[in-house]
Amino acid sequence: MAILSKEDAQALLKKVLTYSTADECEASLRGRTTGNIRYARNSVSTAGAQDSVSLAVESRFGKRSGIATCNEFDDATLKRCVQRAEEIARLAPESPEYVPMLGPQTYLNPPSTATTQLTAATRAQAAADSMNLCAAKNLTAAGFLDGGTSFVAKRNSKGLEAYQQSTNTDFSVTVRTADGRGSGYAIADATDPAKLNAKGLTQRAVDKALSSVNARAIEPGKYTVILEPAALMAGDDLSLLGGLVFGMGAREADEGRSFLSKKGGGNRKGEKLFDERITIYSDPMNPEVPGNAFDGDGLPTKRQTWVEKGVVKNLFYSRFWAEKNKVPATAYPNGFIMAGGTQSTAELIKGTAKGILVTRLWYIREVDPQTLLFTGLTRDGTFYIENGQIKFPIKNLRFNESPIIMLNNIEAIGRPQRLAGCLIPPLKIRDFTFTSLSDAI
């Protein structure tokens with residue numbers, strides 16, 4: 001039952017709404033059918049599959065709201081779920097930020113599903129290819145492959161009906177040398193699992209691991225850097241570009257809590273804050289990175305430009321903040337696209353006299369939200385560049401840098417690549433600040 005069709009999902013939600021006695025009621029279904037395999041030290045550690053569907057019911061009496069959930073769908077359970085949401089709503093305080101539920105909406109139909117399925121056999125083969133490649137070179141691999149199909153459906157008492165199905169596959173691998181002195185990393189995701197080459201990604205991590213042995217220490221300071229997409233977007237829970245784009249909230253800016261706050265009040269929409277080569281937008285219909293058709297409130301997504309030629313064009317407005325400021329609300333996208341050029345990372349390296357190549361950043365933390373200052377560490381392959389060539393591996397470094405400054409110090413922008421549901425180009429940046437060395441591999 002994990003993946004319901006649009007017709008079956010809406011039929012179930014319609015039934016749920018018949019049990020409601022509230023002023024407003026919304027019912028949402030989420031389901032997923034996924035499988036994964038995890039390996040470490042060239043041996044599979046876990047593998048499994050998940051089929052799940054859950055229902056959430058929000059009931060409102062005036063400005064009071066209550067939410068209840070369930071994962072069984074017999075009539076008695078559905079009725080009890082609605083009743084529980086109503087009981088909670090009657091006990092809840094009034095919300096000072098209440099906005100009515102949305103009525104009927106018109107949605108785009110993003111190309112977000114694939115015909116190819118990631119089966120247990122294909123997952124096992126991908127892991128075997130990765131581990132065998134490493135074992136043959138006396139290297140150790142640790143990786144995770146996860147993918148499947150999911151859906152979300154919504155319906156409310158105001159006439160809103162929404163449904164979307166999507167597929168996604170994620171793969172990441174870390175490769176270490178036997179003596180633990182070299183480490184490499186690769187990561188990718190795709191809508192269609194057939195486009196994900198686990199063996200090719202592992203080879204990239206292998207090359208990084210073998211090349212990073214006998215790393216040398218260099219003096220911290222300001223350097224020209226080439227940041228690969230994984231250094232810009234993939235982090236443990238925060239990333240340089242993700243922190244910037246998803247931090248473009250209008251409310252935070254208007255209340256003086258963000259890098260987009262204007263002295264004296266208001267926000268910096270319309271100001272040029274970045275290099276004129278910087279354009280960032282979201283587009284749910286992009287075939288390489290199809291997005292969500294609607295956000296959690298049921299607002300339709302559309303192509304939206306956030307930064308154009310360095311100028312802040314739009315901010316994220318919640319429905320409450322939009323109503324307060326008498327502007328249209330902004331649907332929250334699940335990814336974004338940064339416009340780039342045609343150069344590969346290798347070509348960016350070839351055009352660099354002196355600099356540092358960064359494979360990946362991690363343990364990123366926000367230091368100052370007003371300036372968007374972040375700190376974190378390099379890892380899994382950091383290299384010194386001289387005269388257009390990688391000369392030697394270097395020890396990892398701690399950085400203290402703001403994406404705002406970083407995107408004003410652009411030397412070159414490479415060809416965008418898909419990562420974390422976004423299109424991210426490698427960036428060549430001058431005067432990137434490193435503050436200290438790290439002995440970690």
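Rules used in this analysis
Residues numbered from 1 in each chain as written. Predicted model: local features only at pLDDT ≥ 70, side-chain atom pairs only at ≥ 80, totals over all residues. Heavy atoms only, no water. Domains from an automatic or database assignment. Contact = heavy atoms within 4.5 Å. Buried area = accessible area lost by both parts, 1.4 Å probe. Salt bridge = Lys/Arg side-chain N within 4 Å of Asp/Glu carboxyl O. Polar contact = N/O pair within 3.5 Å; in protein donor to acceptor, adjacent residues only side chain to side chain. Helix = DSSP H or I, 4+ residues; strand = E, 2+ residues; numbered from the N terminus. Nonpolar A, V, L, I, M, F, W, Y, C, P; charged D, E, K, R; others polar. 1 Å grid on protein atoms, 1.4 Å probe; cavity = no way out; pocket = protein on both sides within 12 Å on 5 of 7 lines; lining within 4 Å. Points joined across faces, edges and corners; volume = space filled by probe spheres on them. Expected span 1.5 Å × (residues − 1). Buried < 20%, exposed > 50% of the residue type's maximum accessible area, 1.4 Å probe, protein only. Arc of directions from axis to C-beta. Pairing = 2+ DSSP bridges.

- Identification of the protein chain as TldD/PmbA family protein from Hymenobacter properus is taken from an unreviewed UniProt entry.

## Regarding the domain arrangement of the protein chain
Reasoning step 1: According to the domain assignment, the protein chain consists of domain 1 (6-207) and domain 2 (216-239 + 340-437).
Reasoning step 2: Using only C-alpha atoms to locate each centre, domain 1 and domain 2 end up separated by 31 Å.
Reasoning step 3: Listed as interface residues are 11 residues of domain 1 and, on the opposing side, 11 residues of domain 2.
Reasoning step 4: By the criterion of area lost to domain 2, the three top residues of domain 1 are Tyr 185, Ile 187 and Asp 189, representing 61% of everything that side buries.
Reasoning step 5: With a shortest N-O distance of 2.7 Å, Arg 418 and Asp 189 are connected by a salt bridge.
Reasoning step 6: Here domain 1 is connected to domain 2 by six residue pairs in polar contact (both at pLDDT 80 or more).
Reasoning step 7: Among the elements of the structure, strand E5 (161-177) and strand E6 (183-190) are those that each provide at least two residues to the side of domain 1 that touches domain 2.
Reasoning step 8: Looking at which element gives the most residues to the side of domain 1 that touches domain 2, the answer is E6, with seven residues.
Reasoning step 9: Split into classes, the residues belonging to the side of domain 1 that touches domain 2 amount to four nonpolar, five polar and two charged.

## Things to note about the layout of surface pockets
Reasoning step 1: Counted as a void, the second largest pocket has a volume near 710 Å³.
Reasoning step 2: Along the wall of the second largest pocket there are 32 residues; nearest its centre are Ile 187, Ala 188, Arg 204, Gln 417 and Arg 418.
Reasoning step 3: Counting residues per element, the ones that place at least two in the lining of the second largest pocket are E6, helix H4 (198-211), helix H5 (229-232), helix H9 (345-350), strand E12 (354-368) and strand E17 (417-419).
Reasoning step 4: No other element matches the six residues that E6 contributes to the lining of the second largest pocket.

## Digging into H4
Reasoning step 1: Look at H4: 20 Å from first C-alpha to last across 14 residues, which is about the 20 Å you get at 1.5 Å a residue.
Reasoning step 2: Here H4 has its buried residues at Ala 198, Leu 201, Thr 202, Ala 205, Val 206, Lys 208 and Ala 209. Seen along its axis, H4 keeps its buried residues to an arc of 165°; they face one direction.
Reasoning step 3: Measuring from the backbone nitrogen of Lys 199 back to the side-chain oxygen at the start of H4 gives 3.2 Å, which picks out Asn 197 as the cap.

## So, the pairing of E5
Reasoning step 1: Pairing geometry for strand E4 (residues 139-156) and E5, over 17 bridges, is antiparallel. Counted as the bridge partner of Lys 154 is Ala 162 from E5.
Reasoning step 2: Where E4 folds back onto E5 in an antiparallel hairpin, the turn is made up of four residues, including Gly 159, whose phi is positive at roughly 105°.
Reasoning step 3: Judged from the eight bridges that link them, E5 and E6 form a sheet pairing that is antiparallel. Across the sheet, the residue bridging to Ser 172 is Ile 187, located in E6.
Reasoning step 4: Here E5 folds back onto E6, and the loop between the two strands holds five residues, one of which, Gly 180, carries a positive phi near 75°.

## Details of the pairing of strand E13 (residues 373-386)
Reasoning step 1: For E13, a buried count of 12 out of 14 residues is recorded, marking the element as mostly surrounded by other parts of the structure.
Reasoning step 2: Two elements, E12 and E13, share 11 bridges in a ladder whose sense is antiparallel. Within E13, the residue paired with Glu 366 across the bridge is Phe 374.
Reasoning step 3: Where E12 folds back on E13, the antiparallel hairpin that results is connected by four residues, among which Leu 372 adopts a positive phi of roughly 55°.

## With respect to unusual backbone geometry
One can expect most non-glycine residues to show negative phi and most peptide bonds to be in trans.
Reasoning step 1: Positive phi values are uncommon outside glycine, yet Asn 138 reaches one of about 60°.
Reasoning step 2: For Asn 138, the position within the fold is in the loop between helix H3 (120-135) and E4.
Reasoning step 3: On the basis of relative accessible area, Asn 138 is assigned to the exposed category, the value being 55%.
Reasoning step 4: Within the chain, Lys 326 stands out as a residue other than glycine whose phi angle is a positive 55°.
Reasoning step 5: A residue is classified by how much of its surface remains accessible, and Lys 326, at 75% relative accessible area, is exposed.

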